[in-house]
Amino acid sequence: MEQKIRSLGERAHAELGAAVDAGALEAWRVEHLGRKGALAALMTQLGAVPKEDRPRLGALANDIKSGLQASFDRRLAALETERRRAAEAAERVDVTLPGAPPNPGRLHLTTQTLRRICRIFHGMGFEIFESPEVESDQYNFELLNMPQHHPARDMWDTFYVNETTLLRTHTSPGQIHAMKGRAPEPIRVVLPGRVFRYEAVSARSEFMFYQVEGIVVGRNVTMAQLKGLLESFASQMYGGKRRLRLRGSYFPFTEPSVEVDMDCILCGGKGCRICKGAGWLEIAGAGMIHPTVLENGGYDPAEFSGFAFGMGPERIAMQVHGIDDIRYFYSNDLRFLAQFSAGA
Ligand code: FA5
């Protein structure tokens, strides 16, 4: 009997070493320490051994049982530690790894350019003035000295909404809105906004684009001031000390009218790819406000004079960044737009 108890203990110890997971360990416990286990079965046979041997064998069986219980507890604790360690290793987070970069988006190149232009003029004392994109024929043409059937209307191919309403072809109707709203006070405003032309789209021309109009009205406003103002603007916008030239031109709402050219930013006037060999880049149409237009705006041309100019921010951005096709601006290709991520 003693031999049976001891060998049962040895076998149970050996099998415990082989139990490598919680399931095997539980099966071992039921087999060896359970109420219906091998040791319990032996204990029930104690009644059959001589009376004087019973206490000794009973104590031996108890010793072996508590030894097995202690080994079982240690093994269970060791397996649990192992399990936890494996789980921690699997879920480990390396807090020193760089995070996923946020993609906050960016302002469209046109918005960036408009904001820069407006900031420069704001710095020179100009207010920002906005006027409607859907205009009347009267504001877009008539009050700008282009009555019905005036041939100059052909300079602006127009989307008509109906007989008298249209999508503005330029920001110049804003001149009339500004003057009518301010007369007889002096004016110094810029008008940024979207314009529409029923035009074939090409590398240089869109059917929908932006303009920034500028208008100054007061006493003794001169063409020399216009040139000085645009020279200062060009130096701030393009960098360096820029030179300007005024080239005679024609707009019905200004007299005299000019195209404003700036020395080429790439070659400084020698002639290159950007300026197509001319040495000059066109940056705006401009002129002294026509007396009729001043009058239409509510100013007496005998007392007041003024100048106005209009520029295309997409064309300016093309010059600044060396972009050779205006169609990139509004075709929503992020590979193009994402290149211009400078802040506002
Ligand atoms: C005008 O629209 C006049 N209203 C400008 C003006 C204002 C003259 C005040 C005098 C006094 P023009 O059609 O040239 O002018 O257009 C002005 C600028 O808009 C051009 O210099 C060019 O930069 C831009 N532009 C014209 N057409 C397009 C087009 N299809 N796509 C992109 N930009 C254009």
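Shown above is the structure to which this text applies.
Predicted model, so just to flag it, every value in this text is computed and none were measured.

A closer look at the site of the ligand
- With respect to spatial proximity, 24 residues lie near the ligand, and among them His-170, Ser-172, Arg-197, Glu-199 and Glu-206 are the closest.
- Between Arg-197 and the ligand, the recorded distance is 2.9 Å, taken from a side-chain N or O atom to an oxygen atom.
- One of the backbone N or O atoms of Glu-206 is found 3.0 Å from a nitrogen atom in the ligand.
- Against a free-state accessible area of 670 Å², the protein chains account for coverage of 93% of the ligand.
- According to the grid-proximity analysis, the pocket containing the ligand is the largest pocket.
- Sorting the residues of the shell around the ligand by element identifies strand 5 (208-218), strand 8 (280-289) and strand 9 (305-311) as the ones contributing at least two each.

Looking at unusual backbone geometry
- For the bond from Ala-183 to Pro-184, the omega torsion is 5°, close enough to zero to count as cis.
- Here Pro-184 is to be found in the loop between helix 7 (173-182) and strand 4 (187-196).
- Of the consecutive residues Glu-255 and Pro-256, the connecting peptide bond is found in the cis state with omega at 0°.
- For Pro-256, the location among the structural elements is in strand 7 (residues 254-263).
- Phi is positive for His-149, close to 70°, though the residue is something other than glycine.
- Structurally, His-149 is set in the loop between helix 6 (137-140) and strand 3 (165-167).
- What makes His-149 exposed here is its relative accessible area of 74%.

Quick word on the nonpolar core
- By size, the foremost hydrophobic cluster in this structure holds 34 residues, and its most contacted members are Phe-121, Phe-233, Phe-309 and Met-311.
- Where this core is concerned, the elements lending two or more residues are helix 5 (109-123), strand 5, helix 8 (223-238), strand 7, strand 8 and strand 9.
- Examining the composition of this core, we find that seven residues originate from one element, helix 8, more than from any other.
- Discounting chain neighbours no more than four positions away, the residues touching Phe-233 are Ile-117, Ile-120, Phe-121, Met-124, Met-311 and Ile-316.
- Counting 25 residues, the second largest nonpolar core, distinct from the first, contains Leu-166, Ile-176, Leu-191 and Leu-294.

Description of the side chain of Thr-158
- Tracing the sequence through the fold places Thr-158 in the loop between helix 6 and strand 3.
- Overall, Thr-158 belongs to the buried group, its relative accessible area being 15%.
- In contact with Thr-158, not counting residues within four places along its chain, are Phe-141, Leu-166, Leu-167, Thr-169 and Tyr-198.

With respect to the sheet that holds strand 9
- If you trace the seven strands from one edge of the open sheet to the other, you get 1-4-5-9-8-7-6, paired in mixed fashion. Only two strands of the sheet have a single neighbouring strand rather than two, namely strand 1 (127-128) and strand 6 (244-251).
- In the sheet, strand 7 pairs with strand 8 via eight bridges, with the strands oriented antiparallel. Note on strand 8: the bridge partner recorded for Val-260 is Ala-284.

What about the environment of Ser-202?
- One can find Ser-202 in the loop between strand 4 and strand 5.
- Given the relative accessible area of 29%, Ser-202 is considered partly exposed.
- Sequence separation between Ser-202 and Asp-325 is 123 residues; the distance between their C-alpha atoms is 7.9 Å.
- For Ser-202, the residues in contact, after removing those within four places along its chain, are Asp-325, Ile-326 and Arg-327.

Thoughts on the pattern of salt bridges
- All chains considered together, the criterion is met by 18 salt bridges.
- Ionic pairing is found between Arg-56 and Glu-2, a salt bridge with its closest N-O pair at 2.9 Å. Remark: Glu-2 occurs in helix 1 (residues 2-18) and Arg-56 occurs in helix 4 (residues 54-90); sequence separation between them is 54 residues.
- Taking the shortest distance from any N to any O, the salt bridge between Arg-11 and Glu-15 comes out at 3.3 Å. Taken together, the residues span about one helical turn, with Arg-11 and Glu-15 both in helix 1 at a distance of four residues.
- Where salt bridges share partners, they join Glu-2, Arg-6, Asp-53 and Arg-56 into one cluster.

About the criteria used
Residues numbered from 1 in each chain as written. Predicted model: local features only at pLDDT ≥ 70, side-chain atom pairs only at ≥ 80, totals over all residues. Heavy atoms only, no water. Near = heavy atom within 4 Å. Polar contact = N/O pair within 3.5 Å; in protein donor to acceptor, adjacent residues only side chain to side chain. Areas by Shrake-Rupley, 256 points an atom, 1.4 Å probe, with all protein chains shown as cover. 1 Å grid on protein atoms, 1.4 Å probe; cavity = no way out; pocket = protein on both sides within 12 Å on 5 of 7 lines; lining within 4 Å. Sits in = over half its atoms within 2 Å of the grid points. Helix = DSSP H or I, 4+ residues; strand = E, 2+ residues; numbered from the N terminus. Buried < 20%, exposed > 50% of the residue type's maximum accessible area, 1.4 Å probe, protein only. Core = buried A, V, L, I, M, F, W, Y, C linked by side-chain atoms within 4.5 Å. Contact = heavy atoms within 4.5 Å. Pairing = 2+ DSSP bridges. Salt bridge = Lys/Arg side-chain N within 4 Å of Asp/Glu carboxyl O.

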